[in-house]
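The chain contents come next:
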Amino acid sequence: MSLKLAIISLGVSAAALTAASPALAQEAEDDTARLGTVTVTAQRIEEDLQDVPISITTVGGEKLDNLKSGGADVRFLSARVPSVVAESSFGRTFPRFYIRGIGNTDFDLNASQPVSLVYDDVPYENPILKGYPVFDLENIEVLRGPQGTLFGRNTPGGIIKFDSKKPTDEFDAYLRASYGNYNTSELEGAIGGRVDEALAVRFSGIVQHRDDYVDNAFTGEDDAYEGFDEWAGRAQFLFTPFDNDFSALLNVHARDNESSARLFRANIIDPGSNGVGSGFDRDTVFFDGGDQSLNQEAFGVTLRIEKSVTDTVDLTYVFGRETAEVESRGDIDGGFGAAFLGEGNFGPGFIPFPSESGGAVDDLTQTTHEFRLAFDDGGPLRAQTGVFLFDEDIQITSRSFDTLAPGQPENGRAVRKGVTESFAFFASLSYDLTDRFTVAGGARFTDEEKSFEVERITSPFGAGPLGPIAGSTGDDQVSWDVSATYQATDEVNVYGRVAKGFRGPSVQGRLVFGDTVSEADSETVLSYEAGVKSELLDNRLRANANVFFYTLEDQQLTIVGGIDNTVALFNADEGEGYGFEADIEAVVTPNLLVTAGVSYNNTEIKDNLLLSPGCGAPCSVLDPSVFQNADGSITQVSAADLPAFDPAPDSTFLGYNISGNSFPNAPEWIGNVTARYAIPVQGGEFYAFTDWAYKGDVNFFLYESAEFGQDGYWEGGLRLGYKSDRGYDASIFARNITDEEALTGAIDFNNLTGFVNEPLTYGITLSMQY
């Protein structure tokens, strides 16, 4: 424990030294430039960020507009917030989020994720709902650590909250248009205000387009892939027919996405080294597969009703109904042909066999209800209690295709159906022991049931029909948290928090490529956190920092790809993580605003012996090889000793021992910084905004190998513009301005296949605020 404590202590000390830096005090001038209060709803009520005993980062306003420019999808949050990583092997519609290293690499369309995304108080459970475009938001709140008491199941890593701008009494409108390279265009806008004594409205939307720009050198088609056409809209109606004691907010939203599927690029990783290799060309692929398309439609309705029952008790009801369909097809081997066809009939590099597959959510319906009562009489006690109901119905079709046959016919199909039902009730209390010391706690009981049915119609390997295989699983758990907050001075709060959360049981079965259904039991997390939140130098500096330690019991893990190209779930005995996070925001001068964030996460899978298959591709696995001898004993051989090891004739290779490895996609270090400098002129200002993010070394799979990972790297953005006092703005921008080329994931069952980050983009933006 001494090494852990030393690292954590160093992190807190560094944050504290930065917070107390005298340079800021010397440079800050005596005028009215101050940081404003940040209001969050992390505990279901509006509070000052500094008063909430949770590690929180918010992203909003001009910073949010810059990070998402150039047609970016929600993955722009990756490494732009401490301890947060986002990636996808499914394109713009299926982001996978990781907080403090806790996430899920499962690419399947019913994957369970331990980071919950909450849109306007409704949790989006299925991953295809989580890529909803970002537009017209008040802000984004990232809550790190278990949030099970108020936000329920599947939140052991934390949650990311997206809160739309609501209708107001005053007229409000904006329009923003941008155009850039690859014919990338984006149009975003909103209009709203009160139209009647009892009704206020707000209509908002976004349209995004990019031309295809990646050539297919195998077919000779230019500009074949990586384009997108996407739109999303939101209509909100706020009814206030009585006095201020009742409101009903109806939110109707929809999305349509037609884009390229994720491009898997064959052999862009060099043997023996990680990252993008010598065979990589961002503008060229060699596909013999189909159209590499992704099509999605989604529609949803949210209704939020608030009623003051008494002067001290408020009732809130939130109804959500989300529906979606998606279909995608991709060239999984990332190349053409196959080695058994002979020299010159495959490439680039060695392609042992062809692989092309598709997946579709034929129908997804998610329905939620939440009833909450909140008590606050202005005294020391505040309380909330409520009930939550969740229901999800889903049908998924998985397919494979014969890319070597004329017309590339379908040669495998499986259909899965699933129903998830969950019920929960919860309560939380907060009490001011003194005017400076507050204690809080809460608990939530959740009961969850899952039923499933899987049937294989055909198989690419010649196996006959299988199933239907039906079953069910379920669990009930109690989540809880306790915290204490002490106002050390008028500028500094310190807090401590202990929380328990869980992720419900998971079921997975891709019978197109296998013949079994795998299950994983619920995982639970127990987290300890302590932190300090401060506003210093007459509100010119906001500095927050915290340390944490957590253990995951029965950690859910997913074998993805590998020798069998399948998805298999299992539980490890335990996982462990510890580290620190810090956020700083400073008015350095009246015209210079700087923000910075840093996090350190050390994660470890802990089990006596935990086996995972290695890669089907020719990679160099670094974990110990495990053999079972004829007498049942186990022999482990390190990667260094393996070339000289002579296994007994009657021994059996079982796999690789991954105990002691870090979690997949869990970099130790993440850092980010932004700076905005303005030069006031008559009638407006010229300004420059830049942002930079560092994502540390990552390993993509449960096992460690020389190839399937990415060294740490920086990405940056820049915007230069003029902003008028009359509300219009004209600017030029660039994203990934250094044109960094980096892997964000890999496919390990066929060849050294990878997928990569977004390219350098640049353009011009015009906007008007009314």
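This text goes with the structure placed above it.
Below or above, wherever it landed, is the structure these notes cover. Each residue is numbered by its place in its chain's sequence as written, counting from 1. A pLDDT threshold of at least 70 governs which residues receive local features in this predicted model, and a stricter bar of 80 or more applies before side-chain atom pairs are shown or counted, although totals over entire chains, interfaces and linings include all residues. The basis for every side-chain value is the complete set of heavy atoms in the structure, and neither hydrogens nor water enter the calculation.

1. Examining the pattern of salt bridges
And step 1. Salt bridge, as used here, is a side-chain nitrogen of Lys or Arg placed within 4 Å of a carboxyl oxygen of Asp or Glu. This structure, assessed with the given rule, holds 43 salt bridges.
And step 2. With its nearest N and O atoms 3.8 Å apart, the salt bridge here joins Arg-92 to Asp-73. A residue pair is termed long-range when its members are at least 10 positions apart, and Arg-92 in the loop between strand S4 (84-87) and strand S5 (96-99) and Asp-73 in the loop between helix H3 (61-67) and S4 qualify at 19 residues. Neither Arg-92 nor Asp-73 differs from the other in exposure class; each is buried.
And step 3. A salt bridge links Arg-210 to Glu-758, with the nearest nitrogen and oxygen atoms 3.2 Å apart. Pair noted here: Arg-210 is in strand S12 (residues 199-210) and Glu-758 is in the loop between strand S45 (753-756) and strand S46 (761-769), with a separation of 548 residues, a long-range link.
And step 4. Overlapping salt bridges bring together Arg-44, Asp-121, Arg-304, Glu-306, Glu-370 and Arg-372 as one network. Helix and strand definitions here come from DSSP, where helices need a minimum of 4 consecutive H or I residues and strands a minimum of 2 consecutive E residues; each element is numbered from the N-terminal end. Each residue's exposure class comes from its accessible area (1.4 Å probe, protein chains only) as a fraction of the maximum for that residue type: buried when under 20%, exposed when over 50%, partly exposed otherwise.

2. Describing the pairing of strand S39 (residues 684-695)
And step 1. Pairing between strands is defined by DSSP: at least two bridges between the two strands are required. Here 12 bridges tie strand S38 (residues 669-681) to S39, and the two strands are oriented antiparallel to one another. Bridge pairing in S39 places Pro-680 opposite Glu-685.
And step 2. If you look at the hairpin formed by S38 and S39, you'll find two residues sitting between the two strands, and Gly-683 has a positive phi there, around 90°.
And step 3. When S39 meets strand S42 (residues 713-724), the two strands line up antiparallel, connected through 12 bridges. Bridge pairing in S42 links Tyr-694 to Trp-714.

3. Topic: the layout of surface pockets
And step 1. Of the voids in this model, the second largest pocket is the one considered here, and its volume is about 860 Å³.
And step 2. The rule is simple: put a 1 Å grid over the protein atoms alone, call a set of points where a 1.4 Å probe fits but cannot get out a cavity, call an open set with protein on both sides within 12 Å along at least five of seven lines a pocket, and count a residue as lining if it has an atom within 4 Å of a point. What lines the second largest pocket is a set of 39 residues, among which Gly-60, Arg-542, Glu-585, Leu-593 and Thr-595 lie closest to the centre.
And step 3. Contributions of two or more residues to the lining of the second largest pocket are made by strand S3 (55-59), H3, strand S8 (137-144), strand S31 (541-561), strand S32 (566-589), strand S33 (592-606), S38 and S39.
And step 4. Its residues assigned to classes, the lining of the second largest pocket comprises 16 nonpolar, 13 polar and 10 charged. Grid points are joined across faces, edges and corners, and a volume is the space filled by probe spheres set on the points. Each residue is assigned to one of three groups, with Ala, Val, Leu, Ile, Met, Phe, Trp, Tyr, Cys and Pro labelled nonpolar, Asp, Glu, Lys and Arg labelled charged, and all others, Gly among them, labelled polar.

4. Looking at the state of the cysteines
And step 1. The disulfide criterion is simple: two cysteine sulfur atoms within 2.5 Å. Counted under the stated rule, the structure contains one disulfide.
And step 2. Between the sulfur atoms of Cys-615 and its disulfide partner Cys-619 the distance amounts to 1.7 Å. In this structure, the disulfide formed by Cys-615 and Cys-619 twists by about -90° around the S-S bond and is classed as left-handed.
And step 3. Here Cys-619 falls in the buried class, since its relative accessible area comes to 16%.

5. Considerations on the sheet that holds strand S13 (residues 214-216)
And step 1. Here three strands make up an open sheet; going across it, the order is S14-S13-S17 and the pairing mixed. The open sheet is flanked by strand S14 (221-225) and strand S17 (284-285), the only strands paired with a single partner.
And step 2. Of the pairings in the sheet, the one linking S13 to S14 comprises two bridges and is antiparallel in character. Counted as the bridge partner of Val-214 is Tyr-225 from S14.

6. A word on the sheet that holds S8
And step 1. Taken in spatial order, the five strands of this open sheet run S3-S8-S9-S6-S7, and their pairing is mixed. Looking at strand neighbours, the two that pair on one side only are S3 and strand S7 (122-124), the edges of this open sheet. Each neighbouring strand pair of the sheet contributes to a mean axis angle of 25°, computed without reference to strand direction.
And step 2. In terms of strand pairing, strand S6 (residues 115-119) meets strand S9 (residues 158-164) through five bridges, oriented parallel. Directly across from Val-115, in S9, lies its bridge partner Gly-158. Note on definitions: angles span 0 to 180 degrees between N-to-C directions of axes, and those axes are lines fitted to C-alpha atoms, for helices only across the stretch in contact.

7. Details of the environment of Gly-727
And step 1. Tracing the sequence through the fold places Gly-727 in the loop between S42 and strand S43 (728-735).
And step 2. Judged by its relative accessible area of 21%, Gly-727 falls in the partly exposed class.
And step 3. A sequence separation of 40 residues divides Gly-727 from Ser-767, and the C-alpha atoms of the two residues are 8.2 Å apart.
And step 4. In what follows, a contact means two residues having at least one pair of non-hydrogen atoms within 4.5 Å. The residues touching Gly-727, leaving out its near neighbours within four places in the chain, are Ser-767, Met-768 and Gln-769.

8. Quick look at a nonpolar patch on the surface
And step 1. Together, Tyr-179, Leu-718, Leu-720, Ile-732, Ile-764 and Leu-766 give the surface a local cluster of nonpolar side chains, amounting to about 530 Å² of exposed area.
And step 2. Elements represented by at least two residues in the nonpolar patch include exactly S42 and S46.
And step 3. Considering the arrangement of structural elements, one finds Leu-718 in strand S42. Two joining distances apply to patches: 9 Å for like charges and 5 Å for nonpolar side chains (Val, Leu, Ile, Met, Phe, Trp, Tyr), and every residue must have over 30% relative accessible area and no salt bridge. Note that accessible areas follow from Shrake-Rupley with a 1.4 Å probe, and for residues the cover is restricted to the protein chains shown.

9. Re the nonpolar core
And step 1. Membership of the largest hydrophobic core comes to 41 residues, with the highest contact counts inside it found for Leu-77, Phe-97, Ile-140, Ile-160 and Phe-162.
And step 2. Only buried Ala, Val, Leu, Ile, Met, Phe, Trp, Tyr and Cys residues count toward a nonpolar core, and they belong to the same one when joined by side-chain atoms within 4.5 Å. Tyr-550, Leu-552, Phe-570 and Leu-702 belong to the second largest nonpolar core, which has 32 residues in total.

10. As for the side chain of Ser-55
And step 1. Turning to its location among the elements, Ser-55 is positioned in strand S3.
And step 2. Given a relative accessible area of 2%, Ser-55 falls into the buried group.
And step 3. Engagement of the side chain of Ser-55 in a polar contact is seen with the side chain of Asn-546, the distance being 3.0 Å.
And step 4. A polar contact of 3.0 Å, which involves the side chain of Ser-55, links it to the side chain of Glu-581. Contacts described as polar in this section are N or O atom pairs within 3.5 Å, which, within protein, must combine one atom able to donate a hydrogen with one able to accept it, while residues neighboring in sequence count only if both atoms come from side chains.

These results come straight from atomic positions and should not be treated as a statement about function.
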